[in-house]
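Chain and residue survey
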Amino acid sequence: MSSTITTRFVPQAKARPPRAPEVNYLNVAYGVKSWLLTTDHKRIAILYLFTVTLMFFLGGAAATVIRLNLMTPTGELVTADTYNKLFSAHGIIMVWFFLVPVVPTVLGNFLLPLMIGARDLAFPKLNLLSWYIFTIGAVITLWAILAGGVDTGWTFYTPFSTRSARTNVIPTIIGIFISGFSSILTGLNFIVTMHRMRAPGLTWFRMPLFLWAIYAGSIILVLATPVLAVALILIGVERAWGIGIFDPELGGDPLLFQHLFWFYSHPVVYIMILPAMGVVTEIIPCFARKNIYGYEFVAASSVGIAVLSFFVWAHHMFVAGQSVYSAMIFSALSYLVAVPSGVKVFSWTATLYKGSVSLRTPMLFAVGFIALFTMGGLTGLMLAALGVDMHVHDTYFIIAHFHFIMVGGAVMGYMGGLHFWWPKMTGRMYSEFLSKLAALIIFVGFMLTFLPQFVLGYLGMPRRYHVYPPEFQILNVMSSAGASILAVGYVLPLFYLIWSLYGGKPAGPNPWGATGLEWQTPSPPPPHNFDETPIVTTAPYEYSLEETDGVG
Amino acid sequence: MASANYSILAHHFENLEQQRETETMGMWLFLATEILIFGAIFTGYTIYRVRYPRDFEAASAHLNLLIGSINTIVLLSSSLTMALSVHATRVGRQKMLMTCLTLTIVLGATFLGLKALEYYSDYEDFLVPGLRFRPGEWTELTPPANPQHVQLMLAFYYIMTGMHAVHMLVGMGLLVWLVLRARQGMLTPVRYMAIEVIGLYWHFVDIVWIFLLPLLYLTGTHHGSDLHF
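Each value, and the rule that gives it
Residues numbered from 1 in each chain as written. Chains lettered and ligands numbered in written order. Predicted model: local features only at pLDDT ≥ 70, side-chain atom pairs only at ≥ 80, totals over all residues. Helix = DSSP H or I, 4+ residues; strand = E, 2+ residues; numbered from the N terminus. Rg over C-alpha atoms; globule rule 2.2 N^0.38 Å. Buried ≥ 20, exposed ≤ 12 C-beta atoms within 10 Å, placed from the backbone. Contact = placed C-beta atoms within 7 Å. Expected span 1.5 Å × (residues − 1). Core = buried A, V, L, I, M, F, W, Y, C linked by C-beta atoms within 7 Å. Axes fitted to C-alpha atoms, helices over the stretch in contact; angles between N-to-C directions. Parallel < 35°, antiparallel > 145°, perpendicular 65-115°, else oblique. Left-handed = near helix turned anticlockwise from the far one by under 90°. Nonpolar A, V, L, I, M, F, W, Y, C, P; charged D, E, K, R; others polar. pLDDT = per-residue confidence, 0-100.

**Some words on the overall build of chain A**
Assigned secondary structure in chain A consists of 16 helices and two strands. Over its C-alpha atoms chain A spans a radius of gyration of 23 Å, differing by no more than 12% from the 24 Å that the globule rule assigns to 552 residues. Dimensions of chain A along its principal axes, counting C-alpha atoms only, are 75 × 45 × 45 Å. For chain A, the residues scored as buried account for 55% of the 552 residues in total.

**A short note on the overall build of chain B**
If you tally the helices and strands in chain B, you get seven helices and two strands. In chain B, the order of α-helices and β-strands from amino to carboxyl end is α-α-α-α-β-β-α-α-α. Along the three orthogonal principal directions, the C-alpha set of chain B runs to about 75 × 30 × 25 Å. Split into buried and exposed, the 229 residues of chain B put 34% on the buried side. When contacts within chain B are restricted to residue pairs at least 6 apart in sequence, long-range pairs at least 24 apart make up 77% of them.

**With respect to helix α6 (residues 147-183) of chain B**
With 37 residues, α6 of chain B extends 53 Å from end C-alpha to end C-alpha; this agrees with the ideal 54 Å at 1.5 Å per step. One or two residues past the end of α6 of chain B sits G185 of chain B, with phi positive at roughly 70°.

**A few points about unusual backbone geometry**
Residues and elements named next belong to chain A. Of note, the bond from T158 into P159 is cis; its omega dihedral lies within 30 degrees of zero at 0°. Locating P159 in the fold gives a position in the loop between α5 (124-146) and α6 (160-164). In this structure, the amide linkage connecting S523 to the following residue, P524, adopts the cis form with an omega of -15°. Its identity as a non-glycine residue notwithstanding, F156 has a phi of 55°, on the positive side. Along the chain, F156 falls in the loop between α5 and α6. With a phi angle near 65°, R464 is a residue other than glycine that sits in the positive phi range. Relative to the elements of secondary structure, R464 occurs in the loop between α15 (432-459) and α16 (473-503). With 14 C-beta atoms packed within 10 Å, R464 lands in the partly exposed category.

**Observations concerning the nonpolar core**
Side chains of nonpolar character tend, in soluble globular proteins, to be buried together. Residue and element names in this part refer to chain A. If you look at the biggest cluster of nonpolar residues, it comprises 222 residues, and the most contacted ones within it are L211, V227 and A231. With 23 residues, helix α8 (residues 209-241) is the single largest residue contributor to this core. Dropping the residues within four chain positions of it, L211 is found in contact with L112, M115, I116 and M194.

**Examining the packing of helix α7 (residues 169-196) of chain A against α8 of chain A**
All names here are of chain A. For the pair α7 and α8, the least separation of the axes is 8 Å and the interaxial angle reads 155°. With respect to their mutual orientation, α7 and α8 come out roughly antiparallel. Considering how the two elements wind past one another, α7 and α8 form a crossing that is left-handed. In terms of residue class, the contact of α7 with α8 is built from 22 nonpolar, seven polar and one charged.

**Points about the interface of chain A and chain B**
Listed as interface residues are 30 residues of chain A and, on the opposing side, 27 residues of chain B. Going through the elements one at a time, α7, α8 and α9 (254-288) of chain A are the ones with two or more residues in the side of chain A that touches chain B. Residue classes in the side of chain A that touches chain B are distributed as 22 nonpolar, five polar and three charged.

**Examining the packing of α5 of chain A against α7 of chain A**
Helix-helix packing: each pair is described by the crossing angle between the helix axes and the interaxial distance. Residues and elements named next belong to chain A. It is the contact of α5 with α7, at a shortest axis distance of 8 Å, that shows an interaxial angle of 160°. Regarding the angle of α5 to α7, the classification is roughly antiparallel. Crossing geometry of α5 relative to α7 is assigned as left-handed. Split by residue class, the contact of α5 with α7 holds 15 nonpolar, 10 polar and no charged.

**Thoughts on the confidence of the model for chain B**
Residues and elements named next belong to chain B. Here chain B averages 91 in pLDDT, while 93% of its residues score no lower than 70. Taken as a whole, residues 1-6 scores under 50 in pLDDT and shows five contacts with residues more than four places along the chain or in a different chain. Among the scores for the predicted complex, ipTM is 0.91 and pTM is 0.93.

**Quick look at the confidence of the model for chain A**
In regions of low pLDDT, the predicted coordinates are not meant to be interpreted in detail. Chain-level pLDDT for chain A is 92 on average; 95% of the residues reach the 70-or-more range. Scored below 50 in pLDDT, residues 1-15 of chain A shows 22 contacts in the model against residues more than four places distant or in partner chains.

**Some details on α16 of chain A**
The end-to-end C-alpha distance of α16 of chain A is 45 Å, a good match for the 45 Å that 31 residues give at a rise of 1.5 Å each. On its buried face, α16 of chain A is in contact with α3 (41-69), α14 (396-426) and α15 of chain A.

**Remarks on the environment of I245 of chain A**
Mapped onto the elements, I245 of chain A comes out in the loop between α8 and α9. Along the primary structure I245 of chain A and F404 of chain A are separated by 159 residues, whereas in three dimensions their C-alpha atoms are 35 Å apart. Aside from chain neighbours lying at most four places away, what touches I245 of chain A is L234, V237, E238 and G252 of chain A together with L152 and A155 of chain B.

**Some details on the environment of I44 of chain A**
Note on placement: I44 of chain A falls in helix α3. Excluding its chain neighbours within four sequence positions, the residues that come into contact with I44 of chain A are T38, N109, N127, L128 and W131 of chain A.

Here it is, written out as structure tokens:
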């Protein structure tokens, strides 16, 4: 194992074995102020970790009440109005305050400079500022949700959101608008850092594939988010002053809002999934002890997904009255996205093939990701077909499809990444048994929650309804039962990860025997990441099947 | 690394060249996001402009072309003084730097003052959709214009010029900050990145106006009598 390290990392002076330093980024300073005024990317990642975890459990709480309400066909738990506010809150919190930021701001922030051998991101103060902007946006949105709520759904479709809704639409969109600047600044910071701050010898094709995925996601953040900002401004203007920008009665066009909204919101689903794909691409080679199959193709597929993501948005509007010809073109373009996604899945499976696979916790999440993402992706192809989409549009089939991508994909990938890099972030190991149990519970709970929803949707149960015909009850009860299992799986890591900080075994610099610059600095890393700037002479993945000791 | 440069090199960069390249790239990328912001709103404008050409032209003809034209000249001049102040920093001419920066601020303030005056005259002329607007005025035109579509055009006028004005205000704040830095001797031939990237921003805001002028003011057929204050 040590031979792998020396070929990969050649310090400018003589090679020293990495050991736990007296000073690391966690103990370099103490006190609330040292955290709130930090410009260290690693500390900012921890700040984000707190914020997005809180948002995840708030969004999850809304989902819990939704599932409880759907246990009975008549929806006895909450009123229809409350139900509308609950699914809106769930969508808004989960999309903008958890799924979009989670992997880039927590794992990306922590790892990007470490992986490229830099001392920090290009703009450290901007990085801290983006956390503050994010937090302010989150507080405003949460306030709007708690003080009356909003009932438009996370999509804010007009003219409902501009004319009929009697809820806190404007405060909510102000919160989302503000948090958008955090997205833009984070994406900008990442892109510039990767262009300008790489260590000597670290060419683009020596970058870990996680960074290619973060890069592709950042491009989407930077280019798509401004369009959402405009769509939200226009809603605010129309709602506040009664100008008919999207109102057909006043000469406007509601379809324009949907175009602007999905021009952001379709690429945004790739912001959620691309970094998670990058996480999985790091985990699989490490626990298969094999180099990634087809490095260049995986790198190109990330960029390919980012580019194609900007040309498929109108597949959300097949039944919204756009021209049939543009629907056909957007249908065909949507099929194209399957190509780079397929490249990734084939690459992961080819890497596993004849590998020395050890099913440690991160690997369980990664394998779960492949299974669930593939199902989500294939049902996405069904939805790209015009005829099928007409049938299942706005049904639970859509809900099941995108939860397979978002929860089965993005959240699984994030959980895998969190477990993979947790020893690096904290210097501690967590309970292997409990974490494997959590991975298993999440997978089983997820399947039970969302597989029935495919059937429900295909049978015609519309999304966002507070009541449903009694014959759908069995499938809904199955789904709610699965959600309760899923909840256990999500709460469990909260306990054993926090416990690991106090009782976990010291992890050492490289507990998984992984290759990559971040594993060659101590855990937790020192404030400046590397004592000497590393010089990179090899590819990012240097695994070989012969030396499998130390893992498994 | 020269010791004189030590204080301006941030801890996470290897050398000044890397730091400068990084800062320039950051600003260009930020301007790319700005293009998308204005691009989205231009798209919305264009769609309705194509759909309701007659109404948009009628509304455009009521805008204050005189102030719009003067403001164009004012803003272009401010771009010149901005470029000169960047140049003055690079060659180390402190007095010229202060003069040009002050001129840029004065020109920017002139633009915003004239814009405020124009908004007031629009208010006087019943050109505020929803709040102060006379639908009857537009149906009496020959050929008549649809008041609702006219309001749509006016809404875009306020949103677009308003967003531009907000960018101007941000730019003015940055310019004032630059003057303070120049006074402390913190804008020098070695230490010029702050004014360099703010200059890029200022020019970008000017270019946006170059697109706004024809889209908003030159769309309608204006007569000599329209050139009013």
